[in-house]
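Secondary and tertiary structure notes
Here are the chains, one letter per residue:
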Amino acid sequence: MATAPCSFSKIALGGSETSGLPHHLNNACCRKKSYFCKEVGARASGFCDRLIIKQILRRNNIHRNQVAAIQCVLSGEKESELKISGQTLDDYSKSGLRGKLNKVVLAYSGGLDTSVIVPWLRENYGCEVVCFTADVGQGAMEMEGLERKAKASGASQLVVKDLKEEFVKDYIFPCLRAGAVYERKYLLGTSMARPVIAKAMVDVAREVGADAVSHGCTGKGNDQVRFELTFFALNPELKVVAPWREWEITGREDAVEYAKKHNIPVAVSKKSIYSRDRNLWHLSHEGDILEDPANEPKKDMYMMTDDPEEAPNQPEYVEIGINSGVPVSVNGKELSPASLLTELNELGRKHGIGRIDMVENRLVGMKSRGVYETPGGTILWAGVRELESLTLDRETMQVKDMLALKYAELVYAGRWFDPLRQSMDAFMEEITKTTTGSVTLKLYKGSVNVASRKSPYSLYREDISSFENGLIYNQADAAGFIRLYGLPMKVRAMLEKGI
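Before going into details, it helps to say that this report is about the structure given with it. (Residues numbered from 1 in each chain as written. Predicted model: local features only at pLDDT ≥ 70, side-chain atom pairs only at ≥ 80, totals over all residues. Heavy atoms only, no water.)

**With respect to helix 9 (residues 189-208)**
Given a rise of 1.5 Å per residue, 20 residues ought to cover 28 Å, and the 29 Å separating the end C-alpha atoms of helix 9 matches this to within 8%. Buried residues dominate helix 9, accounting for 16 of its 20 residues. Looking one or two residues past helix 9, Gly209 carries a phi angle of roughly 75 degrees, positive in sign. (Helix = DSSP H or I, 4+ residues; strand = E, 2+ residues; numbered from the N terminus. Expected span 1.5 Å × (residues − 1). Buried < 20%, exposed > 50% of the residue type's maximum accessible area, 1.4 Å probe, protein only.)

As structure tokens, then:
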């Protein structure tokens, strides 16, 4: 087989000249009696060909489809270029400053933090970076231009998945059916979104052959826990990189400086004074004046709901159709889960529905203050609860409400894939089988009030509940019931009085 002599002492990689291949690759290709050279019949003087290089690349987890050009030229001729997906061979073969990873899937938003994380991962772990973005209803503006930004930051590709229907059907609706509310107010908007995103990241990691995942969550928040518990549950072999717990970057100015140093294009604009997270269920606001619980939120902060004081002066009625504890229709029109929530978000927005301001206990121990907008979710929550008032008996409702507190705590803490939550979900599904019917709600200037409830499984009987005398309930029976029910109280009083 014909071979071409190839000097590896100087190869221009990706446009920059290096002092040679990494030691282990240089030896693999050019040492005397090289295994590869012998296979192709090359002489022991360092001759090699394309096949040898490709074998070396594959052995070092550099796939054939990543190779943009491989050229070996005669000694003394002009140096050639070897480009691999725009990165140098050293980028893939050498360990980074903190270790060596092959390929990392990064949860990517396109903002400053995640744009900086891309080159940081490459520099510190010598890895290829695959960016991943989940569409959970954050809006078209946040999705615009992401692929261009990701590749400009040094990512090999951007993977985008539309998770809106899965998010609503498999995460929001189970929480709604369970009646899960964290600390009396929070409808778990961000808490529900993190596991569906993290699950998709695990899927993408498998699809692209990644050995690690990464996120841009800070070391002071809940989201780092939510992401990583999902990774642990679904693929415990994946390594997890959390830059905010490792790097020296302490704030926005440091991040901008790092981006400039590594030629990463970032938009130089005034950053929002609030930290926000948006999806199809809600919009959260934290930071700035909200950090002092004594401060009232500014009116111009809200984005997902209109000011209730400026809402229409006429109320609007909306009928929610529910089947086994899960919403299925709006005003008689059956809709997919995401479409149904989108329609109710618009109604809620118009009437200023779903604003809450709360101080909550974070999982990591500190208290934080947040303001949440959940227009469609607040309407749905009211509708399901009102229908349950017809279909659940007292004991079942009390047990369900007690379990709902624990269910909400598990979701808030990122334990979506915990067997306990899954078992509780089976209970919720079973006891809400009869929560079927319709509820009509009245929307008016920030308020949601029930106007009508109907169910074929209603436990309410007008002939029993009526103040008129009936055949089923004899009011005289109440006297004996009261004597037996109050007997413990009567005995205690007799003891205290010496009777």
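**A look at the nonpolar core**
Counting residues in hydrophobic clusters, the biggest one holds 72 residues, and the most contacted among them are Val105, Phe132, Leu188, Val318, Leu344 and Leu380. Here the element with the most residues in this core is helix 9; it accounts for 11 residues. Three or more residues apiece are contributed to this core by two domains, here domain 1 (97-178 + 188-262) and domain 2 (275-460). If we skip the residues at most four places from it in the chain, Leu344 touches Val318, Ile320, Val330, Pro375, Gly376, Ile379 and Leu380. Judged by nonpolar contacts, the second largest core, of 26 residues, contains Leu101, Tyr125, Val129 and Val241. (Core = buried A, V, L, I, M, F, W, Y, C linked by side-chain atoms within 4.5 Å. Domains from an automatic or database assignment. Contact = heavy atoms within 4.5 Å.)

**Focus: the pairing of strand 13 (residues 283-286)**
Relative to strand 13, strand 12 (residues 275-278) runs antiparallel, the two sharing four bridges. Bridge pairing in strand 13 places Asp277 opposite Ser284. Linkage of strand 12 to strand 13, two consecutive antiparallel strands, is achieved through a turn of four residues. Bridging between strand 13 and strand 18 (residues 367-373) involves three bridges; their strand directions are antiparallel. Within the sheet, the bridge partner assigned to His285 lies in strand 18 and is Val371. (Pairing = 2+ DSSP bridges.)

**Here we look at empty space enclosed by the protein**
A complete count under the given rule lists three cavities of 30 Å³ or more for this structure. Quantified by volume, the second largest cavity comes out at close to 60 Å³. As for the second largest cavity, its lining consists of Ile172, Cys175, Leu176, Ala180, Leu187, Met192, Trp281 and Trp381. With three residues, the top contributor of residues to the lining of the second largest cavity is helix 8 (residues 164-178). Classifying every residue of the lining of the second largest cavity by side-chain character gives eight nonpolar, no polar and no charged. (1 Å grid on protein atoms, 1.4 Å probe; cavity = no way out; pocket = protein on both sides within 12 Å on 5 of 7 lines; lining within 4 Å. Points joined across faces, edges and corners; volume = space filled by probe spheres on them. Nonpolar A, V, L, I, M, F, W, Y, C, P; charged D, E, K, R; others polar.)

**Here we look at the sheet that holds strand 17 (residues 355-361)**
Taken in spatial order, the four strands line up as 12-13-18-17 in an open sheet, and their pairing is antiparallel. Each edge of the sheet is formed by a strand with only one pairing partner; in this case those strands are strand 12 and strand 17. The sheet shows a mean angle of 25 degrees between the axes of neighbouring strands, taken without regard to direction. (Axes fitted to C-alpha atoms, helices over the stretch in contact; angles between N-to-C directions.)

**Regarding the environment of Gly216**
Considering the arrangement of structural elements, one finds Gly216 in the loop between strand 10 (212-214) and helix 10 (223-234). Ignoring any residue separated from it by four or fewer positions in sequence, one finds Gly216 in contact with Ile117 and Trp244.

**Comments concerning the side chain of Asp223**
Looking at the element boundaries, Asp223 is found in helix 10. Here the side chain of Asp223 touches Arg194 through a polar contact of 3.0 Å, side chain to side chain. Side-chain polar atoms of Asp223 contact the side chain of Arg226, separated by 2.8 Å. Dropping the residues within four chain positions of it, Asp223 is found in contact with Thr190, Arg194 and Cys217. (Polar contact = N/O pair within 3.5 Å; in protein donor to acceptor, adjacent residues only side chain to side chain.)

**Looking at unusual backbone geometry**
One non-glycine residue, Asp288, lies in the positive phi region at around 55 degrees. Inspection of the secondary structure assignment puts Asp288 in the loop between strand 13 and strand 14 (316-323). The backbone phi angle of Lys445 is positive, close to 45 degrees, even though this residue is not glycine. Mapped onto the fold, Lys445 is located in the loop between strand 19 (437-444) and strand 20 (447-454).

**A few points about helix 11 (residues 252-261)**
Burial in helix 11 covers these residues: Ala255, Tyr258 and Ala259. Buried positions in helix 11, seen along its axis, are confined to an arc of 100 degrees and lie on one side of it. Away from its buried face by more than 90 degrees, helix 11 exposes Glu253, Glu257, Lys260 and Lys261. The inward-facing, buried residues of helix 11 abut helix 5 (112-125). Asn263 sits one or two residues past helix 11 and shows a positive phi near 55 degrees. (Arc of directions from axis to C-beta.)

**With respect to the pattern of salt bridges**
The tally for this structure, following the rule as stated, stands at 33 salt bridges. Across the pair Lys103 and Glu128 runs a salt bridge whose closest N-O atoms are separated by 3.8 Å. Taken together, the positions of Lys103 in strand 7 (residues 103-107) and Glu128 in strand 8 (residues 128-135) put the pair 25 residues apart, joining distant regions of the chain. Here Lys103 matches Glu128 in class, with each residue buried. A salt bridge links Lys350 to Glu316; the nearest nitrogen and oxygen atoms lie 3.0 Å apart. Placement of Lys350 in helix 12 (residues 337-350) and of Glu316 in strand 14 is noted, with a sequence separation of 34 residues between them. Residue Glu316 is classed as partly exposed on the basis of its relative accessible area of 24%. (Salt bridge = Lys/Arg side-chain N within 4 Å of Asp/Glu carboxyl O.)

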